[in-house]
Amino acid sequence: MSAPLPSDRSTSGTAVDWSAGPVTRSGRPYPAAGAGAGPPTGPPTGPGAGGSGPPPTDPRRGGRDGVRLWWFGGAAAVVLAGGLVAVLALVLSGNPDPFGSPDPPPDVRPPLAQLCPGPSAGPGGQPSPADPTPAPALPEPSGPRTVDPDAGISYTEYGEPWRPWSTVWNAGALQVPYKVGQHFVTEADYNGFSDYHASILSAAVPAADNDALSLDLECVGRQVAADVRAEYYPQPNRMDLIRDERTPIGGRPAWLTVFRLHFTQPGLQATDELVAVACIDVGRPTAAVLFVSIPGTHRQLDWVVDDLYASVRVE
């Protein structure tokens with residue numbers, strides 16, 4: 001219900017001028033004089049009440065805004081404190097890079113360059129020479145020759161039963177690409193679908209970083225020989241090591257490994273094989289690899305190993 005309007009005059013006879021405009025806000029009207037409360041001490045301040053002051057403040061709204069600010073401020077403080085605690089924990093744990101770093105780029109160097117970094121630099125920042133002793137002059141070879149331009153070497157070409165190698169064999173974990181050489185079949189279709197061979201094969205294998213010309217010959221030679229034993233032959237096998245040393249081949253520094261492997265393979269008559277692997281520094285980022293295999297069924301050809309390496313020349 002609405003409150004009654006006051007009379008034109010108060011009971012004390014004092015004239016009170018009440019505006020006749022519409023009431024635009026709810027609430028009780030000012031009480032008449034003498035009704036237990038004094039007259040208002042200031043003009044009304046509500047909209048439409050004739051006053052020009054600011055609107056009244058709702059104490060409830062002010063309270064909610066304050067609570068919200070407290071909540072936001074508290075949440076921000078908690079997040080900041082958590083971040084500081086995490087950073088301190090990482091720093092105190094000894095992590096030199098607490099904020100992480102991007103992954104390093106992949107190593108795209110050839111496998112041998114990764115396994116066998118080049119020799120360390122000598123005085124003046126130049127690579128240490130692989131062998132300061134000058135190579136002796138070699139006689140000019142005679143007779144038919146097998147030339148491998150990729151490897152940068154040539155060597156004796158043998159007659160029957162040897163035949164030219166006419167395919168590419170990417171062998172082992174190092175994927176040495178044998179393209180040039182000779183071979184012959186010692187056991188045909190020994191397992192129902194494969195032939196067994198005696199072989200003389202050469203290849204160029206990347207063995208240095210970028211365009212570097214210095215090779216760690218010992219590391220390269222032993223890595224290639226280990227790959228031959230692990231990837232070219234039946235497993236398990238037993239090795240009798242004959243030579244594993246640095247030696248000049250064709251007037252160039254080289255690492256030569258010679259060994260006899262013992263193994264068994266179903267359907268295969270050969271139970272052993274004479275194997276020789278030479279890695280030759282030919283002054284390129286690639287090393288020349290010369291691989292020889294003589295199955296035990298053809299031991300009468302074991303002499304080929306020494307004769308072949310003595311015939312090598314660097315092209």
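Residues numbered from 1 in each chain as written. Predicted model: local features only at pLDDT ≥ 70, side-chain atom pairs only at ≥ 80, totals over all residues. Heavy atoms only, no water.

What to know about the overall build of the protein chain
Applicable threshold: Comment: elements are numbered from the N terminus, with helices defined as DSSP H or I runs of at least four residues and strands as E runs of at least two. Working definition: with a 1.4 Å probe on protein chains only, accessible area under 20% of the residue-type maximum means buried, over 50% means exposed, and in between means partly exposed. What makes two residues a contact is simply this: any of their non-hydrogen atoms within 4.5 Å. The accessible surface values rely on the Shrake-Rupley method and a 1.4 Å probe; as for residues, cover is taken only from the protein chains in view.
Across its full length, the protein chain holds 4 helices and 12 strands. When burial is assessed residue by residue, the protein chain has 31% of its 315 residues classed as buried. For the protein chain, the share of sequence-separated contacts (at least 6 apart) that also reach a separation of at least 24 residues comes to 58%. Surface exposure of the protein chain reaches about 19,500 Å², of which carbon and sulfur atoms provide 59%.

With respect to the pattern of salt bridges
Condition: One speaks of a salt bridge when a side-chain nitrogen belonging to Lys or Arg is within 4 Å of a carboxyl oxygen belonging to Asp or Glu.
Enumeration according to the criterion identifies 9 salt bridges in this entry. Ionic pairing is found between Asp240 and Arg238, a salt bridge with its closest N-O pair at 3.3 Å. Take Asp240: its relative accessible area is 33%, and that puts it in the partly exposed class. By relative accessible area, which is 48% here, Arg238 ends up partly exposed.

Section: unusual backbone geometry
The amide bond that connects Glu160 to the next residue, Pro161, takes the cis arrangement and shows omega of 10°. Structurally, the position occupied by Pro161 is in the loop between strand S2 (153-156) and strand S3 (163-164). Gln235 connects to Pro236 through a cis peptide bond whose omega is -5°. For Pro236, the location among the structural elements is in the loop between helix H3 (217-232) and strand S8 (238-249).

Overview of the sheet that holds strand S9 (residues 252-262)
Basically, it comes down to this: One bridge is not enough; two strands pair if DSSP finds at least two bridges between them.
Sheet architecture is open: 7 strands sit in the order S3-S6-S7-S11-S10-S9-S8, paired in antiparallel fashion. A single partner strand is all that each edge strand has here, and the edge strands are S3 and S8. For S3 and strand S6 (residues 180-187), the ladder comprises 2 bridges, and the chain directions are antiparallel. Bridged to Arg163 within S6 is His183.

Points about the packing of aromatic side chains
Spelled out, the test is: Under the pairing criterion, centres of Phe, Tyr and Trp rings, with the six-membered ring standing for Trp, must be within 6.5 Å; the plane angle then separates stacked pairs below 30 degrees from edge-to-face pairs above 60, leaving the rest tilted.
Counted by the stated rule, this structure contains 10 aromatic pairs. Measuring from ring centre to ring centre gives 6.5 Å for Tyr158 and Trp162, while their planes differ by 45°; the resulting arrangement is tilted. For Tyr158, a relative accessible area of 11% puts it in the buried group. Residue Trp162 is classed as buried on the basis of its relative accessible area of 6%. Between Tyr233 and Phe263, the ring centres sit 5.9 Å apart and the planes meet at 35°, which makes this aromatic pair tilted. Linking Tyr233 in the loop between H3 and S8 with Phe263 in the loop between S9 and strand S10 (272-281), this pair joins segments that are 30 residues apart in sequence.

Notes on the sheet that holds strand S1 (residues 145-148)
With antiparallel pairing, 3 strands are arranged side by side in an open sheet as S1-S2-S12. Both outer strands of the open sheet, S1 and strand S12 (313-314), are each paired with one neighbouring strand and no more. Judged from the 2 bridges that link them, S2 and S12 form a sheet pairing that is antiparallel. Paired with Ile153 across the two strands is Val314, which belongs to S12.

Quick look at the nonpolar core
The test is simple: In these notes, a set of buried Ala, Val, Leu, Ile, Met, Phe, Trp, Tyr and Cys residues joined through side-chain atoms within 4.5 Å is what counts as a nonpolar core.
With 30 residues, the main nonpolar core has Tyr178, Val228, Tyr232, Tyr233 and Phe291 as its most contacted residues. Mapped onto this core, the elements with two or more residues apiece are strand S5 (176-178), strand S7 (196-206), H3, S9, S10 and strand S11 (286-295). Examining the composition of this core, we find that 6 residues originate from one element, H3, more than from any other. When sequence neighbours within four positions are dropped, the list of residues in contact with Tyr178 reads Trp165, Thr167, Val168, Trp169, Ala171, Leu201, Ser202, Ala203, Tyr232, Val289 and Phe291.

Considerations on the pairing of S6
In terms of burial, S6 is largely enclosed, as 7 of its 8 residues are buried. By the bridge criterion, 7 bridges tie S6 to S7 in an arrangement that is antiparallel. Bridge pairing in S7 places Val185 opposite His197.

Structural notes on the confidence of the model for the protein chain
Quick note on the threshold: One confidence number per residue, pLDDT, is output by the predictor and ranges from 0 to 100.
With 57% of its residues at a pLDDT of at least 70, the protein chain reaches an overall mean of 75. Per-element mean pLDDT across the protein chain ranges from 63 in helix H1 (residues 59-92) up to 98 in S6. Low pLDDT (under 50) marks residues 1-52, which in the prediction has 21 contacts with non-local residues, meaning those over four places away or in another chain.

Observations concerning the side chain of Thr257
The test is simple: Pairs of N or O atoms within 3.5 Å make up the polar contacts considered here, provided that, within protein, one atom can donate a hydrogen while the other can accept it, and that residues adjacent in sequence are counted only when both atoms are side-chain atoms.
Among the secondary structure elements, Thr257 is positioned in strand S9. Within polar-contact distance, the side chain of Thr257 engages the side chain of Asp244 at 2.9 Å. Excluding its chain neighbours within four sequence positions, the residues that come into contact with Thr257 are Gly221, Ala225, Leu241, Arg243, Asp244, Val275, Ala276 and Val277.

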